[in-house]
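So the chains spell out like this:
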Amino acid sequence: MLTFYYIFISLLFIFTILPKIPSSHWIFRVPDFGKIQITYLTIILFGVGFFVEKNQYFWYSQAFLLVLFVYHGITLVKYTPLYPVKKHQRNSHSSQKIHFISANVYQFNTEFHRFIDLINRNKPEMFLTMESDNHWENALQVLEKDYPYQHKVTLENTYGMHFYSKIKIEDSKTHFFVADDIPSIEAHLKTEEGFEFVFFGVHPPPPSPTEEETSKERDGDILSVAKRVTEIQKPVIVVGDFNNVAWSKSSILFRKTSELIDPRVGRAFVSTFHAKYRLFRFPIDLMFHSEDIFIEELKTLENFGSDHLPVYCEFFIDEKNDQQEERIETANHKEKEEAEEMIQEGKEEDGERDAVVTED
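These figures come from a predicted structure and were not determined experimentally.

A.B. asks: Help me understand helix H7 (residues 216-229) in this model?
C.D. replies: Note on helix geometry: an α-helix contains 3.6 residues per turn, so any two residues three or four positions apart are oriented the same way. An ideal rise of 1.5 Å per residue puts 20 Å on 14 residues; H7 measures up with 20 Å between its terminal C-alpha atoms. Along H7, the positions that sit buried rather than exposed are Glu 217, Arg 218, Asp 219, Gly 220, Asp 221, Ile 222, Leu 223, Ser 224, Val 225, Ala 226, Arg 228 and Val 229.

In structure tokens form, the structure reads like this:
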């Protein structure tokens with residue numbers, strides 16, 4: 001028992017220190033995803049420690065576990081209701097409430113009806129699908145009467161994206177920032193009240209032993225989006241499967257570069273992947289927004305057969321309200337240079353992806 005106690009302490013330390021190493025290899029980037037689980041395991045192991053045989057190192061070990069817990073806790077508490085963030089009420093200057101659903105549908109999920117039912121029940125003004133191929137596009141045609149505005153990027157490589165809206169899309173484009181098979185959607189919308197805003201849908205490739213060896217394309221893609229956001233003078237929302245967590249270095253750099261707000265702060269983790277395993281679920285479907293967009297609700301919805309849970313958001317726009325300005329962090333000169341370097345590395349990285357991906 002004592003041996004296992006020290007083995008687990010060593011593993012927790014390794015998984016804590018790996019993300020601090022400045023390497024883009026997946027071995028160093030993936031442990032960041034498990035910060036929530038590492039924190040829970042740390043406090044569980046601390047409790048278990050009182051039931052194992054004690055030796056001269058026991059109290060040092062327990063003290064070390066407390067330090068680990070505090071270290072992770074300082075980061076994670078920001079993504080809970082315990083962290084104070086001022087809530088804002090909609091007023092006469094604000095838009096009506098707008099709702100959207102963002103979902104990685106899993107390309108090989110054929111339970112199309114479950115997702116269609118989810119849309120029909122929740123009736124969002126907009127929804128974004130990721131990993132949507134030609135089969136998904138055909139299945140979603142039944143919703144086009146209710147969602148007359150669309151932007152479709154149909155791919156068979158698990159990076160297809162489809163955006164559907166009841167709100168008028170005045171202009172839209174597909175970006176391929178770092179690779180010609182990794183799209184991002186930029187849609188400019190205008191409500192009937194005259195409120196304009198821009199919706200970005202993103203889905204960069206993950207660093208993992210089964211996909212991309214490094215995080216270079218992922219980081220370069222999201223930072224390219226951040227750079228593009230700074231050129232837009234309208235309210236902005238960036239949504240999608242980032243294959244990243246909000247507290248990672250590249251996510252923080254994205255937030256500072258784009259000068260957008262992370263709505264999870266003071267709210268919840270909103271963990272989405274893996275949908276079937278609650279204890280091993282990570283918050284990798286992220287959202288960021290400009291200071292003139294105010295989030296009323298952000299949560300996950302029920303599983304519809306994908307490996308990701310869908311994200312549901314309710315928000316309003318108020319360009320005359322500057323009360324969120326203090327939540328914006330800005331990248332300094334060194335961070336801007338680092339972002340540019342990561343964008344270039346992402347473009348130079350040669351991701352070896354098949355044009356058509358099969359489940360086998």
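A.B. asks: Before we go on, may I ask you to explain the packing of helix H1 (residues 2-17) against helix H4 (residues 58-76) in this structure?
C.D. replies: A packed helix pair is summarised by two numbers, namely the angle formed by the two axes and the spacing between the axes. In the contact formed by H1 and H4, the axes pass within 11 Å of each other and the chain directions differ by 30°. Between H1 and H4, the angle is such that the two are roughly parallel. The interaxial crossing formed by H1 with H4 has left-handed handedness. Counted together, Tyr 5, Tyr 6, Ile 9, Leu 12, Phe 13 and Thr 16 of H1 and Phe 58, Ser 61, Gln 62, Phe 64, Leu 65, Leu 68, Tyr 71 and His 72 of H4 form the full contact between these two elements.

A.B. asks: Even after reading the chapter, I still don't get helix H3 (residues 35-49), so can you show me in this structure?
C.D. replies: Over its 15 residues, H3 extends 21 Å from the first C-alpha to the last, a length consistent with the 21 Å expected when each residue adds 1.5 Å. Looking only at H3, the buried set comprises Lys 35, Ile 36, Gln 37, Ile 38, Thr 39, Thr 42, Leu 45, Phe 46 and Gly 49.

A.B. asks: Explain the pattern of salt bridges to me, please; I cannot follow it from the model alone.
C.D. replies: Any two side chains of opposite charge can pair if their charged atoms end up close together. One pass over the full model with this rule turns up 16 salt bridges. The shortest N-O distance in the salt bridge between Glu 314 and Lys 97 comes to 3.5 Å. With Glu 314 in strand S11 (residues 311-317) and Lys 97 in the loop between H4 and strand S1 (98-104), the pair connects residues that are 217 residues apart, well separated along the chain. A relative accessible area of 35% means that Lys 97 is categorised as partly exposed.

A.B. asks: Even after reading the chapter, I still don't get unusual backbone geometry, so can you show me in this structure?
C.D. replies: Most peptide bonds take the trans configuration, and most residues that are not glycine carry a negative phi. The omega torsion across Phe 273 and His 274 is 10°, close enough to zero to call that bond cis. Relative to the helices and strands, His 274 resides in the loop between helix H8 (249-258) and strand S9 (285-289). Notably, Glu 131 is not glycine yet its phi reads approximately 65°, a positive angle. Within the element layout of this structure, Glu 131 appears in the loop between strand S2 (126-130) and helix H6 (134-139). You can call Glu 131 buried: its relative accessible area is 10%. Look at Thr 158: it is not a glycine, yet its phi comes out positive at around 75°.

A.B. asks: Explanation requested: a nonpolar patch on the surface in the structure shown.
C.D. replies: Together, Met 1, Tyr 40, Leu 41, Ile 43, Ile 44, Val 48, Phe 69, Val 70 and Ile 74 line one region of the surface with nonpolar side chains, adding up to about 850 Å² of accessible area. Examining the composition of the nonpolar patch, we find that 5 residues originate from one element, H3, more than from any other. As for its placement among the helices and strands, Ile 74 is situated in helix H4.

A.B. asks: In this structure, what is going on with the sheet that holds S9? I would like to understand it.
C.D. replies: Backbone-to-backbone hydrogen bonds pair the strands of a sheet. The strands run either parallel or antiparallel. If you walk across this open sheet you meet the 5 strands as S5-S6-S7-S8-S9, and the pairing is mixed. Either end of the sheet is taken by a strand with one partner, and the two such strands are strand S5 (168-175) and S9. Adjacent strand axes in the sheet meet at a mean angle of 15°, parallel and antiparallel pairs treated alike. Of the pairings in the sheet, the one linking strand S7 (residues 196-202) to strand S8 (residues 236-241) comprises 5 bridges and is parallel in character. Looking at the pairing, Phe 199 lines up with Ile 237 of S8.

A.B. asks: Which parts of the structure should I look at to understand the sheet that holds strand S3 (residues 149-153)?
C.D. replies: The 6 strands lie next to each other as S3-S4-S2-S1-S11-S10, forming an open sheet whose pairing is mixed. Each end of this open sheet is capped by a strand with a single partner; those strands are S3 and strand S10 (293-300). Averaged over all adjacent pairs, the angle separating strand axes in this sheet is 10°, with direction ignored. By the bridge criterion, 5 bridges tie S3 to strand S4 (residues 161-165) in an arrangement that is antiparallel. Across the sheet, the residue bridging to Val 153 is Met 161, located in S4. With respect to the sheet, helix H5 (residues 112-122) is in contact with S1, S2 and S11, its orientation differing from that of S1 by roughly 165°.

Each value, and the rule that gives it
Residues numbered from 1 in each chain as written. Predicted model: local features only at pLDDT ≥ 70, side-chain atom pairs only at ≥ 80, totals over all residues. Heavy atoms only, no water. Helix = DSSP H or I, 4+ residues; strand = E, 2+ residues; numbered from the N terminus. Expected span 1.5 Å × (residues − 1). Buried < 20%, exposed > 50% of the residue type's maximum accessible area, 1.4 Å probe, protein only. Axes fitted to C-alpha atoms, helices over the stretch in contact; angles between N-to-C directions. Parallel < 35°, antiparallel > 145°, perpendicular 65-115°, else oblique. Left-handed = near helix turned anticlockwise from the far one by under 90°. Contact = heavy atoms within 4.5 Å. Salt bridge = Lys/Arg side-chain N within 4 Å of Asp/Glu carboxyl O. Patch = residues over 30% accessible without salt bridge, like charges linked within 9 Å, V, L, I, M, F, W, Y side chains within 5 Å. Areas by Shrake-Rupley, 256 points an atom, 1.4 Å probe, with all protein chains shown as cover. Pairing = 2+ DSSP bridges.

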